[in-house]
Amino acid sequence: MTTRYFKVLHKSGAFIDGVFYPPADQSPDVQESIVALEDVAPGKEPLWGVEVDVNGNEIGEVPAGVMDKMSDALANKIAENAGEKAADPTPPAGGKADADARKQVILDTLALLDHSDDSHWTADGLPSVKVVSDTAGIEVPRKEITAAAPDFQREAA
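What you see is a predicted model; the values in this text were computed from it and never measured.

Asks: Help me out: how do you make sense of the packing of aromatic side chains in this one?
Replies: The geometry of two aromatic rings is summed up by the distance between their centres and the angle between their planes. Summed over the entire model, instances satisfying the criterion amount to one aromatic pair. Here Trp121 and Phe152 contribute two aromatic rings whose centre-to-centre distance is 5.8 Å and whose plane-to-plane angle is 25°, an arrangement assigned as stacked. Separated by 31 residues along the polypeptide, Trp121 in the loop between helix 3 (96-112) and helix 4 (129-136) and Phe152 in the segment after helix 5 (142-148) bring together distant segments of the chain. Of the residues examined, Phe152 reaches a relative accessible area of 23% and is grouped as partly exposed.

So, in structure tokens, the structure goes:
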């Protein structure tokens, strides 16, 4: 088993196994933003960050998903409500709050999809899993998209 380390760069953070990791630029301790992942296949690196060594020194290239305009729009939308209540720097792992926050990220991402852009949709009018995952900065399976917004489909032009 090989462990690789990734620093969270995506502005909305990353959810891994029900645990929220804040972006490195918003965390007083960069170690809180480093995620250890086992056996990550080449080409399957997470879209929400960059590979680092165990000390947090960058050794990989920043993936395109982190710099995407839709990702920035999602992060800005999430940040609009920031400051109303101070965020707990150590949210409970796998709790309802994490599940609710993850669902909200998915809903916010869906709201950013362009109904006139074919690449955002499947032939059946469902949101593209790849586009949703890339924009949200987290792996989002089809069943989770459907659970978050069961009736969400592409609007007719």
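That was the structure; now back to the text.
Asks: Looking at this structure, how should I read the environment of Arg142?
Replies: By the secondary structure assignment, Arg142 is in helix 5. The exposure class of Arg142 is partly exposed, given its relative accessible area of 26%. In this structure, the C-alpha to C-alpha distance between Arg142 and Ser128, residues 14 residues apart in sequence, is 8.6 Å. With residues near it in sequence (within four places) discarded, Arg142 still touches Thr122, Leu126, Pro127, Ser128 and Val129. Engagement of the side chain of Arg142 in a polar contact is seen with the backbone oxygen of Pro127, the distance being 2.8 Å.

Parameters at a glance
- Residues numbered from 1 in each chain as written.
- Predicted model: local features only at pLDDT ≥ 70, side-chain atom pairs only at ≥ 80, totals over all residues.
- Heavy atoms only, no water.
- Phe/Tyr/Trp six-rings, centres within 6.5 Å; stacked < 30°, edge-to-face > 60°.
- Helix = DSSP H or I, 4+ residues; strand = E, 2+ residues; numbered from the N terminus.
- Buried < 20%, exposed > 50% of the residue type's maximum accessible area, 1.4 Å probe, protein only.
- Contact = heavy atoms within 4.5 Å.
- Polar contact = N/O pair within 3.5 Å; in protein donor to acceptor, adjacent residues only side chain to side chain.

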